[in-house]
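What the coordinates show
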2 protein chains.
Amino acid sequence: MTTKELKQVERKPRGRPRAFDTETALDTGQRLFHTSGYESVGLAALTDALGVKPPSFYKAFGSKAEFFSLVLDRYARSVLTLDDILLPGRAPVDAMAALLESAASTYARDPHQRGCLVLEAVRGLQDDESVLYARKIADSRRVQIREFIAQTHPECAAAATDYVASTLSGLSASAREGMNEARLLRVAEVAVAGLRQLLQPEGRDVTD
Amino acid sequence: MTTKELKQVERKPRGRPRAFDTETALDTGQRLFHTSGYESVGLAALTDALGVKPPSFYKAFGSKAEFFSLVLDRYARSVLTLDDILLPGRAPVDAMAALLESAASTYARDPHQRGCLVLEAVRGLQDDESVLYARKIADSRRVQIREFIAQTHPECAAAATDYVASTLSGLSASAREGMNEARLLRVAEVAVAGLRQLLQPEGRDVTD
DNA sequence: GGATTTTTATAGTGACCACTAAAGAACTTA
DNA sequence: TAAGTTCTTTAGTGGTCACTATAAAAATCC
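Residues numbered from 1 in each chain as written. Chains lettered and ligands numbered in written order. Predicted model: local features only at pLDDT ≥ 70, side-chain atom pairs only at ≥ 80, totals over all residues. Heavy atoms only, no water.

As recorded in an unreviewed UniProt entry, chain A goes by TetR family transcriptional regulator and comes from Pseudomonas matsuisoli.

Right, dumping it as structure tokens:
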């Protein structure tokens, strides 16, 4: 009776109801993929963890790669959200510093989910569908970054974006190799120093 | 009669002679692994390219992982040789600049062998033998770098090494994603700027 | 030439991979 | 209750993985 979802809430769907929750499944899948990597998580392990038999999984998600694509979208929406970092009016160097330092913290925070799910997926077996999905997300985020920087620094937006993208890949790789948060933060700090010279080559006020 | 190898040159080994050359096999394997990655190169593709049937391959090399380990050693000896970069008396910042810029060039030079074979292998399936071999090589190179920097900058050798290691991973990842040499070199340049501040925080002579 | 040694080729091994055909079970609609 | 719809279960599919048992072939040793 309240004004929740207007459609498909009262009226139940026709057939046998699904025995598992999609959101829970995506969450479990995200955890598995982030811990072990897309290729390492076999369908058997995946369906076991989800408490779902393969045919149900395929009925619901189509394929392992499509399921992964949903997981990637979900992850990209919830982690290092660019809308919270690329704030209007914020100096690019400050935004990039925030991004790199947040990444350093995020990538090392949970010892079982090190690095970035998207950036690590980008390096999977090269002509796999999962890699295409991950690249699409990574690319769109890089476009966002480049356009943000280009608002104030059009001449070096491309270079700065390349540098940030490369640094994020490096941070993710280092996190996966076991580098802890403190070390990653120092790496990010040095990276920001380089970026500061690129984005503000003159007129730095040395305050320390 | 000349003073070549003193042992096992005149006297031939007893059984049926090997029908392929080990060095050629390692070279072919290196090319395959570097192009497609360790996991992507199946044993069938590998033995086909080598012109060798599986039993011969296993007689000669033991396993795919052991073969890969030989390939890694060979690669590490021939690419970005640290002995040519960490020259005695050279300022660490100059050595690291040379390393990062050489890496940028090397990683993008051959479009079919992008990135670093070792660093990409480090990010394989986590408890695979191939990853252990790659990590061992990467670790020993990082120790070399850290000890070189520590000679003149003991207080920040660890941080600088972390930064260089992370940057190299980023460059390798970016190269594999298709970033060309010019762009990678600009990334390396910005990275060096950051490193310069870490290693020479005061007394920089600004010459441009 | 015959014995010994080593590598070769033939032809598979079982294990795992992502995925599915067929039929039963649980629900809504009429 | 019967029909229709959708999901779940059982039990597999063919394909690929790294790897190997067996025996023939090619060399040296005596």
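1. Remarks on the protein's contact with DNA strand D
In the region of DNA strand D, 26 residues are neighbours, and A:Ala19, B:Arg14, B:Leu43, B:Tyr58 and B:Lys64 sit closest. Within 4 Å of the protein, atoms of DNA strand D come from sugar and phosphate in 67% of cases. Between DNA strand D and A:Ser56 there is a distance of 3.0 Å, counted from a phosphate oxygen to a side-chain nitrogen or oxygen. Listed by contribution, the elements that provide at least two residues to the surface near DNA strand D are helix H3 (54–61) of chain A together with helix H3 (54–61) of chain B. (Near = heavy atom within 4 Å. Polar contact = N/O pair within 3.5 Å; in protein donor to acceptor, adjacent residues only side chain to side chain. Helix = DSSP H or I, 4+ residues; strand = E, 2+ residues; numbered from the N terminus.)

2. Digging into the interface of chain B and chain A
Quite often, the size of an interface is put as the accessible area lost when its parts meet. The partner chain A presents 36 residues to the 34 residues of chain B that form the contact. For the pair chain B and chain A, the summed buried surface comes to about 3,000 Å²; carbon and sulfur atoms form 48% of the total. For the interface between chain B and chain A, the tally reads 6 salt bridges. Note that A:Arg183 and B:Asp162 form a salt bridge whose closest N and O atoms lie 2.7 Å from each other. (Contact = heavy atoms within 4.5 Å. Buried area = accessible area lost by both parts, 1.4 Å probe. Salt bridge = Lys/Arg side-chain N within 4 Å of Asp/Glu carboxyl O.)

3. Looking at the confidence of the model for chain A
Do not read the predicted coordinates in detail wherever pLDDT is low. All names here are of chain A. Overall, the prediction assigns chain A a mean pLDDT of 92, with 91% of residues at 70 or greater. Note that pLDDT drops below 50 for residues 1–8; the model gives that stretch 1 contact with residues more than four away or on any other chain. Here residues 203–208 is modelled with pLDDT under 50, and outside its nearest four sequence neighbours on either side it reaches 2 contacts, counting other chains as well. (pLDDT = per-residue confidence, 0-100.)

4. Topic: the UniProt feature "DNA-binding region" (unreviewed entry) in chain A
Using the residue numbers shown here, the UniProt feature "DNA-binding region" (unreviewed entry) corresponds to residues 42–61 of chain A. The span residues 42–61 of chain A is 80% helical and 0% strand by assignment, and the distance between its end C-alpha atoms comes to 15 Å. (UniProt positions renumbered as here; feature names shortened; annotations may be inferred.)

5. A few points about the relation of the copies chain B and chain A
Relating one copy of the chain to the other takes a rotation about an axis and a shift parallel to that axis. Aligned on chain A, chain B shows an RMSD of 0.0 Å; the corresponding rotation is 180° and the shift along the axis is 0.0 Å. A rotation of that kind, with that shift, is consistent with a two-fold axis. When you check the interface residues of chain B against chain A, 100% turn up at the interface there too, and the contact is symmetric in its surfaces. (Least-squares fit on C-alpha atoms with pLDDT ≥ 70 in both.)

6. What about the nonpolar core?
A:Tyr107 and B:Tyr107 are the most contacted members of the largest nonpolar core, which has 130 residues in total. Setting aside anything within four residues of it in sequence, one finds A:Tyr107 in contact with A:Leu80, A:Gln113, A:Arg114, A:Gly115, A:Cys116, A:Leu119, A:Leu168, A:Leu171, A:Ser172, A:Ala175 and A:Leu184. (Core = buried A, V, L, I, M, F, W, Y, C linked by side-chain atoms within 4.5 Å. Buried < 20%, exposed > 50% of the residue type's maximum accessible area, 1.4 Å probe, protein only.)

7. Some thoughts on the pattern of salt bridges
In this structure the tally under the stated criterion is 14 salt bridges over all chains. Salt-bridge contacts for A:Arg142 lead to B:Glu177; the nearest nitrogen and oxygen are separated by 2.8 Å. One end of the pair, A:Arg142, is in helix H7 (residues 129–152); the other, B:Glu177, is in the loop between helix H8 (157–176) and helix H9 (181–199), on a second chain. Per residue, the accessibility class of A:Arg142 equals that of B:Glu177, and both read buried.

8. Looking at the protein's contact with DNA strand C
Neighbouring residues of DNA strand C: 26 residues in total, closest A:Leu43, A:Tyr58, A:Lys64, B:Arg16 and B:Ala19. Taking the atoms of DNA strand C that fall within 4 Å of the protein, sugar and phosphate contribute 68% of them. Measuring from a base oxygen of DNA strand C, one finds a side-chain N or O atom of B:Arg14 at 3.1 Å. Between DNA strand C and the protein, one listed contact pairs a phosphate oxygen with a side-chain N or O atom of B:Arg18 at 3.3 Å. Put simply, the parts of the chain that give the surface near DNA strand C at least two residues each are H3 of chain A together with H3 of chain B. Of the residues assigned to the surface near DNA strand C, the class counts are 11 nonpolar, 5 polar and 10 charged. (Nonpolar A, V, L, I, M, F, W, Y, C, P; charged D, E, K, R; others polar.)

9. Points about unusual backbone geometry
One non-glycine residue with positive phi stands out, namely A:Leu80, at about 50°. With respect to the helices and strands, the residue A:Leu80 is situated in the loop between helix H4 (64–78) and helix H5 (92–109).

10. Let's talk about the packing of aromatic side chains
Residue and element names in this part refer to chain B. Applying the stated rule across the entire model yields 18 aromatic pairs over all chains. Judged by centre distance (5.4 Å) and plane angle (50°), the ring pair of phenylalanine 57 and phenylalanine 61 falls under tilted. Residue phenylalanine 57 and its partner phenylalanine 61 are located together in helix H3, separated by 4 residues, close to a single helical turn. According to the relative accessible area criterion, phenylalanine 61 is buried, its value standing at 7%. (Phe/Tyr/Trp six-rings, centres within 6.5 Å; stacked < 30°, edge-to-face > 60°.)

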